[in-house]
Amino acid sequence: METNFFAKFHGLGNDYICLDEEWIDFNLDREAIKTICDVHYGIGSDGILLKTYSSKADFGLRIFNPDGSEAEKSGNGLRIFSKFLYDYGYTMKREFTIETKGGIVKARIEELTNGRASVITVDMGKAVFTANEIPVLCDTEECIGKKIKVDDREFEINCVSVGNPHCVIIVDELDENIVKKYGAKIEHLDIFPNRVNVQFVKVLSPDLVEIRIWERGAGYTLASGSSSCAVASVMVKKGLTDRDLTIKMPGGTLRIQIDENWNIRMTGEAQEICSGHLSPELTEQFI
Ligand SMILES: N[C@H](CCC[C@H](N)C(=O)O)C(=O)O
């Protein structure tokens, strides 16, 4: 590994830049994150995955959104990070643990293609519906099937945490314009003290749903692993699907399995895009 080395990956079109905290010579602060994630002043990305030391798991991971905020969990991010660890020789194991701000998860390299990780499974932890653990301000213990009004429109929301907070809205038809207009407003509602990720979901069959995503701190993305975990948990809670289901997104599909104790397993692909070094003219701004 060399100083300021980076590798860029995507998980179903949700892209991330991997950095190793032992190999960066600048301060990865809010401004640095926003610049690196900017498509004009930086590389461009839906976020940064920073490899850190962990005393509790095999590896540590910090997850940053392109607005500079830090997330507790990222499903696509965890598959990508697992691939980064395996492909770049940080581990020879096919199964290992990763400590995130939202808890310790277990990753498994399911398939290799040409010796590189291609399909990864992550045990993402448990779905939590208790309102004050999400958090969401709500007059009942759980915020399931609650009606809210946003400007001129009413929505029925179902809130869940999978380490990071989510607001799931079931619709008959998916409309990208609605997602972009109201996702941004819902993200910042006062009832969500830490903001929230928003998903609109259309049920297609007992084992297939389609979603559109507005991510906290990132906006409209083509796919989201933790969103898929959140949606699957709400679907099972409301009895709308099987416990083993496929989530269809613009960027592709993920398989999610929810067990009787609300443990979530996510399986899907991750692909490398490019690698290289951040130039001194970029990083010297942040020393
Ligand atoms: N924006 C999210 C983190 C990234 C989630 C998404 N990219 C995924 O794959 O789970 C948050 O602030 O909680």
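Residues numbered from 1 in each chain as written. Predicted model: local features only at pLDDT ≥ 70, side-chain atom pairs only at ≥ 80, totals over all residues. Heavy atoms only, no water.

## Describing the environment of Leu245
1) Next: Position of Leu245 among the secondary structure elements: in strand β15 (residues 244-249).
2) Next: For Leu245 and Met235, which are ten residues apart along the polypeptide, the C-alpha to C-alpha distance reads 9.6 Å.
3) Next: The contacts of Leu245, once residues within four sequence positions are left out, are Asp207, Val209, Ala232, Leu254, Arg255 and Ile256. (Helix = DSSP H or I, 4+ residues; strand = E, 2+ residues; numbered from the N terminus. Contact = heavy atoms within 4.5 Å.)

## Points about helix α2 (residues 75-87)
1) Next: Over its 13 residues, α2 extends 18 Å from the first C-alpha to the last, a length consistent with the 18 Å expected when each residue adds 1.5 Å.
2) Next: Counted residue by residue, α2 has twelve buried out of 13 residues, so it is predominantly covered.
3) Next: Here α2 has its buried residues at Gly75, Asn76, Gly77, Leu78, Arg79, Ile80, Phe81, Ser82, Lys83, Phe84, Leu85 and Tyr86.
4) Next: Of the residues that open α2, the one with a side-chain oxygen 3.0 Å from the backbone nitrogen of Gly77 is Ser74.
5) Next: Positive backbone phi, approximately 75 degrees, marks Gly89, located one or two places after α2. (Expected span 1.5 Å × (residues − 1). Buried < 20%, exposed > 50% of the residue type's maximum accessible area, 1.4 Å probe, protein only. Polar contact = N/O pair within 3.5 Å; in protein donor to acceptor, adjacent residues only side chain to side chain.)

## What about unusual backbone geometry?
1) Next: In this model, Ile134 is joined to Pro135 through a cis peptide bond whose omega is -10 degrees.
2) Next: In this fold, Pro135 is placed in the loop between β8 (116-126) and β9 (144-150).
3) Next: With a phi angle near 65 degrees, Arg195 is a residue other than glycine that sits in the positive phi range.
4) Next: Position of Arg195 among the secondary structure elements: in the loop between α3 (176-187) and β12 (197-205).
5) Next: Unusually for a residue other than glycine, Trp262 sits at a positive phi of about 65 degrees.
6) Next: Looking at where Trp262 falls in the secondary structure, it is placed in the loop between β16 (252-258) and β17 (263-269).
7) Next: On the basis of relative accessibility, which here comes to 22%, the residue Trp262 falls in the partly exposed class.

## Let's talk about the nonpolar core
1) Next: One finds Ile98, Ile247 and Ile256 to be the most contacted residues of the largest nonpolar core, which totals 52 residues.
2) Next: The greatest single-element share of this core, amounting to seven residues, is contributed by helix α4 (residues 225-237).
3) Next: Ile256 has contacts with Ser228, Cys229, Ala232, Arg243, Asp244, Leu245, Ile247, Ile264, Arg265 and Met266, leaving out every residue within four places of it along the chain.
4) Next: Grouped together as the second largest cluster of nonpolar side chains are 21 residues, Phe155, Cys167, Val198 and Phe200 included. (Core = buried A, V, L, I, M, F, W, Y, C linked by side-chain atoms within 4.5 Å.)

## Some remarks on the site of the ligand
1) Next: Close to the ligand lie 15 residues; Gly75, Glu215, Arg216, Gly225 and Ser226 are nearest.
2) Next: Contact distances for the ligand include 2.8 Å between a nitrogen atom and a side-chain N or O atom of Asn14.
3) Next: Here Ser74 contributes a side-chain N or O atom positioned 3.3 Å from an oxygen atom of the ligand.
4) Next: Within the complex, the protein chains bury 100% of what would otherwise be the 370 Å² of accessible surface of the ligand.
5) Next: For the shell around the ligand, the elements supplying multiple residues, two or more each, are β2 (14-20), α2 and α4.
6) Next: Looking at side-chain class alone, the shell around the ligand contains two nonpolar, ten polar and three charged residues.
7) Next: Built from parts of two domains, the shell around the ligand gets at least three residues from each of domain 1 (5-124 + 270-286) and domain 2 (131-261). (Near = heavy atom within 4 Å. Areas by Shrake-Rupley, 256 points an atom, 1.4 Å probe, with all protein chains shown as cover. Nonpolar A, V, L, I, M, F, W, Y, C, P; charged D, E, K, R; others polar. Domains from an automatic or database assignment.)

## Here's the deal with the side chain of Thr52
1) Next: By the secondary structure assignment, Thr52 is in strand β3 (residues 48-52).
2) Next: Assessed through its relative accessible area of 11%, Thr52 is described here as buried.
3) Next: If near-sequence neighbours (up to four positions away) are discounted, Thr52 is found in contact with Glu21, Phe59, Gly60, Leu61 and Arg62.

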